[in-house]
Amino acid sequence: EFDMSEWKKCKLGVDLNCSFLSGFAFKSQDYGKEGIPIIKIGNIQGKRVFTNLSSDYFPSRLINSKIIDFLLQNGDVLIAMTGQGSVGRVGKLLLKEGENALLNQRVGKFLCDEISLNKEYLFYVLTTDLYQDYLFSAGTGSGQPNLSPEVILETEISAPPYKNQKAIASILSSLDGKIDLLHHQNQTLEAM
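Residues numbered from 1 in each chain as written. Predicted model: local features only at pLDDT ≥ 70, side-chain atom pairs only at ≥ 80, totals over all residues. Heavy atoms only, no water.

Chemist: With reference to specific residues and values, describe the overall build of the protein.
Modeler: Helix and strand counts for the protein come out as four helices and eleven strands. Expected size for 192 residues packed as a compact globule is a radius of gyration near 16 Å; at 18 Å, the protein falls within 12% of this value. When its C-alpha atoms are laid out on the principal axes, the protein stretches across 55 × 50 × 35 Å. For the protein, the proportion of its 192 residues judged to be buried stands at 42%. Accessible surface, the protein as shown: approximately 10,700 Å² in total, 54% of it carbon and sulfur. For the protein, the distance from the average position of its 19 positive side-chain charges to the average position of its 22 negative side-chain charges is 5 Å. (Helix = DSSP H or I, 4+ residues; strand = E, 2+ residues; numbered from the N terminus. Rg over C-alpha atoms; globule rule 2.2 N^0.38 Å. Buried < 20%, exposed > 50% of the residue type's maximum accessible area, 1.4 Å probe, protein only. Areas by Shrake-Rupley, 256 points an atom, 1.4 Å probe, with all protein chains shown as cover. Lys, Arg positive; Asp, Glu negative; His and termini not counted. Charge placed at Lys NZ, Arg CZ, Asp CG, Glu CD.)

Now the structure itself:
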């Protein structure tokens, strides 16, 4: 049971110590057909980010100290920072065991301190219709809408204390797991 009086309207940056990493501007001449998949805006689909949608790879041998900061982890929460119809789209990166991925320019990664803000909780808040609409309309610019890290970190969300954020995220995650399982079972039954 949650005491709603403990919930506060908080800005991601100032109030919740969330920071943000914008992706690296990889040079297209460095792309290959194998190596580490480069996560682009098109990889963010339906609240998920998949590497198998990537057609561009960065050769592992070219990884250097400048690029290493842009290696992604499973479960990272990413946002499309540009694009008509895609700006503001948020998704969680799903990597297989031992798989890596790299963050491309115009895709951003949320960095949560796990003291004030839980990454899973943030993911569930930002993927609600309310926040997807807000982030989409916050994209500015003529022709190609853009979201700056500053605008993203100014976003206000309702946040309970950290332990409650974790509990809420855990319940939603377990429901997501059950839904995925039912989808999988349905596909199996249809195939039979």
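There's more to say after this.
Chemist: Which residues make up the sheet that holds strand β8 (residues 90-94), and what are the values?
Modeler: Ordered by their spatial adjacency, six strands build an open sheet running β2-β10-β7-β8-β5-β4, and the pairing between neighbours is mixed. Every interior strand has two partners, whereas the edge strands, β2 (19-22) and β4 (44-45), have only one. As paired strands, strand β7 (residues 77-80) and strand β10 (residues 107-111) are joined by three bridges and run antiparallel to one another. If you follow L78 over to β10, its bridge partner there is K109. (Pairing = 2+ DSSP bridges.)

Chemist: I'd like a rundown of the nonpolar core, residues and numbers included.
Modeler: The biggest cluster of nonpolar side chains holds 29 residues, and the ones touching the most others in it are L12, I79, F110, L117, L122 and I157. Those elements giving two or more residues to this core turn out to be β7, α1 (119-126), α2 (129-138), α3 (149-154), β11 (156-159) and α4 (162-191). Sort the elements by how many residues they give to this core and α1 lands first, with six residues. Apart from the residues lying within four places of it in its own chain, the contact partners of L122 are L12, C18, F110, C112, L117 and I157. Membership of the second largest hydrophobic core comes to 20 residues, among which are I38, L72, A80 and V107. (Core = buried A, V, L, I, M, F, W, Y, C linked by side-chain atoms within 4.5 Å. Contact = heavy atoms within 4.5 Å.)

Chemist: Lay out the packing of α1 against α4 with the relevant residues and their values.
Modeler: Remark: α1 packs on α4, axes separated minimally by 8 Å, with the N-to-C direction vectors making an angle of 65°. Viewed along their axes, α1 and α4 adopt a mutual orientation that is roughly perpendicular. For the pair α1 and α4, the sense of crossing is left-handed. Of α4, the residues touching α1 (which contributes E120, Y121 and Y124) are Q165, I168, A169, L172, S173 and D176. (Axes fitted to C-alpha atoms, helices over the stretch in contact; angles between N-to-C directions. Parallel < 35°, antiparallel > 145°, perpendicular 65-115°, else oblique. Left-handed = near helix turned anticlockwise from the far one by under 90°.)

Chemist: For the sheet that holds strand β6 (residues 57-58), give the residues involved together with the corresponding values.
Modeler: Sheet strands pair by backbone hydrogen bonding; their relative direction is either parallel or antiparallel. Taken in spatial order, the three strands make up an open sheet running β6-β3-β9, and their pairing is mixed. Among the strands making up the open sheet, the edge pair consists of β6 and β9 (102-103). Two elements, strand β3 (residues 36-39) and β9, share two bridges in a ladder whose sense is parallel. Across the sheet, I38 pairs through a bridge with L102, a residue of β9.

Chemist: Give a detailed account of the packing of aromatic side chains, specifying residues and quantitative values.
Modeler: In this structure the tally under the stated criterion is six aromatic pairs. Centroid distance F24 to F26: 4.9 Å. Interplanar angle 70°. Geometry classified as edge-to-face. The pair formed by F24 and F26 is uniform in burial state, with each residue classed as buried. Where F24 meets F70, the ring centres are 5.3 Å apart and the plane angle is 50°; that geometry is what we call tilted. (Phe/Tyr/Trp six-rings, centres within 6.5 Å; stacked < 30°, edge-to-face > 60°.)

Chemist: Now, about the side chain of N43: what can you tell me, with residues and values included?
Modeler: Along the chain, N43 turns up in the loop between β3 and β4. Assessed through its relative accessible area of 3%, N43 is described here as buried. A polar atom in the side chain of N43 sits 2.9 Å from the backbone oxygen of F50. (Polar contact = N/O pair within 3.5 Å; in protein donor to acceptor, adjacent residues only side chain to side chain.)

Chemist: For the pattern of salt bridges, give the residues involved together with the corresponding values.
Modeler: Side-chain pairing between opposite charges can occur once the charged atoms of the two side chains come close. Summed over the entire model, instances satisfying the criterion amount to seven salt bridges. In this structure, the salt-bridge partner of K40 is D56, at a minimum N-O distance of 2.4 Å. Note that K40 is positioned in the loop between β3 and β4 and D56 in the loop between β5 (48-50) and β6, a separation of 16 residues in sequence. Put simply, R48 and D180 hold a salt bridge, and the shortest N to O gap is 3.9 Å. One end of the pair, R48, is in strand β5; the other, D180, is in helix α4, and 132 residues separate them in sequence. For R48, a relative accessible area of 18% corresponds to the buried category. Through salt bridges with shared partners, a single network forms among R48, D176 and D180. (Salt bridge = Lys/Arg side-chain N within 4 Å of Asp/Glu carboxyl O.)

Functional significance is not addressed by these values, which are geometric in nature.
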